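Fold and geometry: a report
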Amino acid sequence: MKEIILIAISAILVENFVLTKFLGICPFLGVSKKLSTALGMGGAVVFVITLSSAVTWVVYEYLLYDYPYLRTIAFILVIAALVQFVEIVLKKFVPTLYTALGIYLPLITTNCAVLGSALLNVERGYTFFQALVFGFAASVGFTLALILFSGVRERMETSDIPIAFQGLPITLIAAALVSVAFVGFQGLFGI
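Counting residues in each nonpolar core, the largest one holds 55 residues, and the members touching the most others are Phe28 and Ile108. Mapped onto this core, the elements with two or more residues apiece are α1 (2-14), α2 (25-31), α3 (35-64), α4 (71-93), α5 (95-101), α6 (112-123), α7 (128-157) and α8 (168-183). Beyond its immediate stretch of four places on either side in the chain, Ile108 contacts Met41, Ala44, Val45, Val48, Ile79, Val83 and Val114.

Here it is, written out as structure tokens:
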């Protein structure tokens, strides 16, 4: 149980995909302008990463174990299918969120955080349950980063920012500062 808790805390804080590993930067910068879209994207990413961690673990262990050179291609196919499923469900049941996420929803397919989670599960030799916990916790960490940064960006909208820093420059500076805060978790619990 202690190992599972360490995997979860590590994935959320210490090895945060966005803020310490720099995976998934495109949706992080693109969807974090508003809290509502950040929450929606976070929910979609939690679903996709958790489910893809489970499915890719099974695919690797039972189909590709002797053919590791095929794992990246197989993982991308699994992830693409899951994202299509999420897109269909959102379009049918939550059309406003589907519209708000726009192009970023299909971009989950190419989100390196999703593929990174699947590959890290295989690389670290996690059991099925460990892979599931790691995928869920990593996606929660991704969502946490989106929510925190959306709060920072909403606050910046009402701030007096010098003209030279408006737009992308201040966004990247703010992202760097939030990232520095998460790097402070390095060494937590000896991880």
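Note on placement: Ala11 falls in helix α1. Overall, Ala11 belongs to the buried group, its relative accessible area being 0%. Considering only alpha carbons, one finds Ala11 and Met1, 10 residues apart in sequence, at a separation of 15 Å. Not counting residues up to four positions away in its chain, the partners in contact with Ala11 are Asn16, Phe134, Ala137 and Ala138.

What follows covers the side chain of Glu15. Along the chain, Glu15 falls in the loop between α1 and α2. Classification of Glu15 by relative accessible area gives buried; the value is 17%. Excluding its chain neighbours within four sequence positions, the residues that come into contact with Glu15 are Ser10, Thr20, Lys21, Arg124 and Phe134.

Remark: α4 packs on α6, axes separated minimally by 10 Å, with the N-to-C direction vectors making an angle of 135°. As summarised for this structure, α4 and α6 are arranged oblique, according to the angle between their axes. Our pair here, α4 against α6, has a crossing hand that is right-handed. Contacts between α4 and α6 involve Arg71, Thr72, Phe75, Ile76 and Ile79 from the first element and Val114, Leu115, Ala118, Leu119 and Val122 from the second. Broken down by class, the residue content of the contact of α4 with α6 amounts to 8 nonpolar, 1 polar and 1 charged.

Under the definition given, this model contains 8 aromatic pairs. With centroids separated by 5.6 Å and ring planes inclined at 50°, the aromatic side chains of Tyr126 and Phe134 adopt a geometry described as tilted. For the pair Tyr126 and Phe134, one class covers both residues: buried. Members of the aromatic cluster, connected to one another through ring pairs, are Phe17, Tyr126 and Phe134.

The geometry of α7 relative to α8 is characterised by a closest axis approach of 11 Å and an angle of 135° between their N-to-C directions. Between α7 and α8, the crossing angle belongs to the class labelled oblique. As for how α7 packs across α8, the hand of that crossing is right-handed. Between α7, through Leu144, Leu148, Phe149, Val152, Arg153 and Met156, and α8, the contact on the second element is made entirely by Ile170, Thr171, Ala174, Ala175, Val178 and Phe182. Of the residues belonging to the contact of α7 with α8, the class tally is 10 nonpolar, 1 polar and 1 charged.

Turning next to the environment of Leu115. Residue position: Leu115 is located in helix α6. Along the primary structure Leu115 and Ile49 are separated by 66 residues, whereas in three dimensions their C-alpha atoms are 8.3 Å apart. Excluding its chain neighbours within four sequence positions, the residues that come into contact with Leu115 are Thr72, Phe75, Ile76 and Ile79.

How each quantity is defined
- Residues numbered from 1 in each chain as written.
- Predicted model: local features only at pLDDT ≥ 70, side-chain atom pairs only at ≥ 80, totals over all residues.
- Heavy atoms only, no water.
- Core = buried A, V, L, I, M, F, W, Y, C linked by side-chain atoms within 4.5 Å.
- Buried < 20%, exposed > 50% of the residue type's maximum accessible area, 1.4 Å probe, protein only.
- Helix = DSSP H or I, 4+ residues; strand = E, 2+ residues; numbered from the N terminus.
- Contact = heavy atoms within 4.5 Å.
- Axes fitted to C-alpha atoms, helices over the stretch in contact; angles between N-to-C directions.
- Parallel < 35°, antiparallel > 145°, perpendicular 65-115°, else oblique.
- Left-handed = near helix turned anticlockwise from the far one by under 90°.
- Nonpolar A, V, L, I, M, F, W, Y, C, P; charged D, E, K, R; others polar.
- Phe/Tyr/Trp six-rings, centres within 6.5 Å; stacked < 30°, edge-to-face > 60°.

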